[in-house]
Amino acid sequence: MTSESKLPAKLAAHPSVQAVLARRRAGHVASPPAVIDAAWLRQLCLAAGADDAAAVSLDHPHLADEREHALAALPGTRSLIAMVFRMNRDNCRSPARSVANQEYHQTDEQANHAARGVTQALQDAGYRALNPSVGFPQEMDRFGKERIWVVAHKTVAVAAGLGVMGLHRNVIHPKFGSFVLLATVLVDAQVSQYGQALDYNPCIDCKLCVAACPVGAIGKDGEFDALACTTHNYREFMSGFTDWAQTVADSQDAGDFRSRVTDSESASMWQSLTHPPGYKSGYCLAVCPGGEDVLGPYLENRKTFMDTVLRPLQDKTETLYVLPGSRAQEYAQRRFPHKPVKEVTGGWQPPTKHRGAS
Ligand code: B12
Ligand code: SF4
């Protein structure tokens with residue numbers, strides 16, 4: 001801080017400035033510890049509502065691609081604090097979209113709330129800290145050009161040792177399995193102890209996620225068709241909404257519009273616009289038996305697990321959204337003949353520079 005004598009007279013006379021200077025003279029402004037105590041930090045995260053937490057240094061080699069993004073979000077970032085939030089399993093597994101979506105959105109809110117609380121506590125302790133959004137909102141001015149998320153929570157959580165990405169490319173926590181959402185807090189200090197990466201993958205390679213995805217977005221070999229996933233699952237987000245609006249614009253009259261878009265689809269779009277938007281699927285995560293808390297019933301009786309968890313999602317009659325001529329279209333028609341397939345446009349192309357990023 002500039003010494004008192006160097007302050008311009010008008011500024012030095014300001015009541016706020018005088019209050020700050022008086023506090024400093026009285027010795028009430030202590031610098032925070034240079035290194036944050038890891039045990040204190042973990043307790044702070046758990047008390048805020050996280051189910052697990054660990055920090056990772058920004059210098060971790062697996063965060064090389066995150067570095068510029070973290071520093072742009074919070075200049076001076078030294079550490080990232082990864083947090084995990086459990087979701088209720090049977091809610092996520094429900095074929096009723098309203099039930100599963102409510103679970104996602106409630107957990108999303110809880111995670112944002114907790115990350116904000118941790119950020120505030122760090123700020124009060126004298127650090128600079130920032131919590132990027134858990135999911136949406138994201139940076140839509142970059143949409144179609146570069147990545148729209150501030151921090152890749154999966155990459156951070158894996159580097160911090162909170163789990164490993166399974167075949168379905170979501171992080172599987174060793175205990176809570178796939179039923180977790182992730183949050184990250186950036187802070188401008190080192191932490192006394194960082195998390196260690198897991199030395200195994202909680203994914204058991206059962207491939208139920210492959211069988212559950214209605215548009216074949218998950219390959220048996222681990223290939224992930226992000227475009228097929230977004231086109232169907234994110235039908236009522238971003239480019240799916242653009243396609244819906246384009247259909248309104250292209251329609252000659254109300255009758256023409258209603259022949260192209262069912263009343264059920266428009267009502268569903270209305271719901272996504274007035275409430276947090278609804279995912280159409282997320283079945284890959286719903287059926288995953290990975291993780292110690294989840295695995296028991298699968299090991300006990302795999303047939304019962306499949307009959308009660310996988311089948312209801314496979315059997316559900318629901319519209320699948322695909323790009324014309326796509327692999328997803330062929331797959332959906334062949335594997336799920338009872339699910340009507342609808343061609344849509346306006347898919348979300350992964351920007352070339354992010355393809356293959358991990
Ligand atoms: C972009 C994104 C998506 C995209 C791409 C998914 C993906 N696998 O990356 C889409 C729209 C498909 C998506 C869907 C879902 N997502 Co999402 N998503 C994100 C987001 C914003 C960034 C993900 C990321 O870091 N990708 C880059 C790297 C790390 O991932 P990757 O798998 O190695 O990269 C591959 C793809 O991402 C793809 N890709 C890379 N860049 C881009 C850019 C674009 C535009 C596209 C389309 C694809 C793409 O190519 C890579 C190589 O195959 C995060 C939130 C965040 N800020 O971190 C949530 C997040 C990953 N999503 C999450 C969830 C829960 C879901 C859904 C289950 C939502 C739902 N209810 O249906 C589905 C699951 C689909 C699946 N099997 O992954 C959770 C995962 C929690 C966990 N346990 O890991 C996160 C972490 C949100 C959170 N805070 O908890 N998601
Ligand atoms: S469903 Fe099976 S294969 Fe897919 S991620 Fe989970 S454990 Fe791995």
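Worth saying up front: this structure is predicted, and the values here are computed from it rather than measured.

Chemist: Please clarify how the overall build of the protein should be interpreted in this entry.
Modeler: Counting secondary structure elements, the protein contains 16 helices and 10 strands. Judged by the C-alpha coordinates and their principal axes, the protein covers about 80 × 55 × 35 Å. In the protein, buried positions account for 46% of the 358 residues. Of the contacts made within the protein by residues no fewer than 6 positions apart, 70% connect residues no fewer than 24 positions apart. Distance between charge centres in the protein, computed from 37 positive and 37 negative side chains, equals 3 Å.

Chemist: What is the right way to read a negative patch on the surface from this model?
Modeler: On the surface, Asp-65, Glu-68, Glu-139, Asp-141 and Glu-146 cluster together into a patch of negative charge. Locating Asp-65 in the fold gives a position in the loop between β2 (52-57) and α4 (67-73).

Chemist: Before we go on, may I ask you to explain the packing of aromatic side chains in this structure?
Modeler: Given two aromatic rings, one states the distance between the centres and the angle between the planes to describe the pair. Scanning the model with the defined rule gives 9 aromatic pairs in all. Ring geometry for Phe-136 and Tyr-234: centres 6.4 Å apart, planes at 45°, overall tilted. With a gap of 98 residues between them, Phe-136 in the loop between β4 (129-130) and α7 (153-159) and Tyr-234 in the loop between α9 (226-233) and α10 (238-250) connect regions that are remote in the sequence. Following the ring pairs from residue to residue traces out a cluster consisting of Tyr-104, Phe-136, Tyr-234, Phe-237 and Tyr-279. Here the basic side chain of Lys-339 rests over the ring of Phe-336, its NZ or CZ set 5.3 Å away from the ring centre.

Chemist: I keep staring at the site of ligand 2 and nothing clicks. Help me out?
Modeler: Close to ligand 2 lie Leu-167, His-168, Ile-172, Cys-203, Ile-204, Asp-205, Cys-206, Lys-207, Cys-209, Cys-288 and Pro-289, which account for all nearby residues. Looking at the shell around ligand 2, its residues break down into 8 nonpolar, 1 polar and 2 charged.

Chemist: Looking at this structure, how should I read the confidence of the model for the protein?
Modeler: If pLDDT is low for a region, its predicted coordinates should not be looked at in detail. Taken over all residues, the pLDDT of the protein has a mean of 94, while the share at 70 or more is 96%. pLDDT under 50 marks residues 353-358. Its contacts with residues more than four places away, or in other chains, come to 7 contacts.

Chemist: Sorry if this is basic, but what is going on with the side chain of Lys-339 here?
Modeler: For Lys-339, the position within the fold is in the loop between α16 (327-335) and β10 (341-343). Judged by relative accessible area, which is 2%, Lys-339 ranks as buried. One polar contact links the side chain of Lys-339 to the main-chain carbonyl oxygen of Gln-314, over a distance of 3.4 Å. What Lys-339 contacts, discounting residues up to four positions off in sequence, is Leu-313, Gln-314, Lys-316, Glu-318 and Leu-320.

What counts, and where the lines are drawn
Starting from 1, residues in each chain are numbered consecutively following that chain's sequence as written. Here the convention is simple: chains get letters from A, ligands get numbers from 1, in the order in which they are written. Residue-level local features of this predicted model are given only where pLDDT is at least 70; pairs of side-chain atoms are given and counted only at 80 or more, and the full residue set underlies all totals for whole chains, interfaces and linings. Values shown for side chains rest on all heavy atoms present in the structure; no hydrogens or waters enter the calculation. Under the scheme used here, helices are H or I runs from DSSP no shorter than 4 residues and strands are E runs no shorter than 2 residues, and both carry numbers assigned from the N terminus. Only protein chains enter the accessibility calculation, which uses a 1.4 Å probe. A residue is then buried if its area is under 20% of the maximum for its type, exposed if over 50%, and partly exposed in between. Any two residues whose heavy atoms approach within 4.5 Å are treated as being in contact. By the counting rule applied here, Lys and Arg register as positive and Asp and Glu as negative, while His and the ends of each chain are not counted. By convention, the point assigned to a charge is CZ for Arg, NZ for Lys, CD for Glu and CG for Asp. The patch calculation keeps residues exceeding 30% relative accessible area without a salt bridge and links them within 9 Å when they carry like charges or within 5 Å when they are nonpolar (Val, Leu, Ile, Met, Phe, Trp, Tyr). All accessible-area figures derive from a Shrake-Rupley calculation using a 1.4 Å probe, and residue coverage is judged against the displayed protein chains alone. The salt bridge definition used is simple: a Lys or Arg side-chain nitrogen within 4 Å of an Asp or Glu carboxyl oxygen. In this scheme Phe, Tyr and Trp rings, the latter by its six-membered ring, pair at centre separations within 6.5 Å, and the angle between planes marks the pair as stacked below 30 degrees, edge-to-face above 60, and tilted otherwise. In our convention, an over-ring charge means Lys NZ or Arg CZ found within 6 Å of a ring centre and within 35 degrees of that ring's normal. Being near a molecule or strand, for a residue, comes down to having at least one heavy atom within 4 Å of it. Charged means Asp, Glu, Lys or Arg here, nonpolar means Ala, Val, Leu, Ile, Met, Phe, Trp, Tyr, Cys or Pro, and polar covers whatever is left, Gly included. pLDDT expresses how confident the predictor is about each individual residue, on a scale running from 0 to 100. Any pair of nitrogen or oxygen atoms within 3.5 Å is treated as a polar contact; in protein, a donor-acceptor pairing is required on top of that, and neighbouring residues in sequence qualify only through side-chain atoms on both sides.

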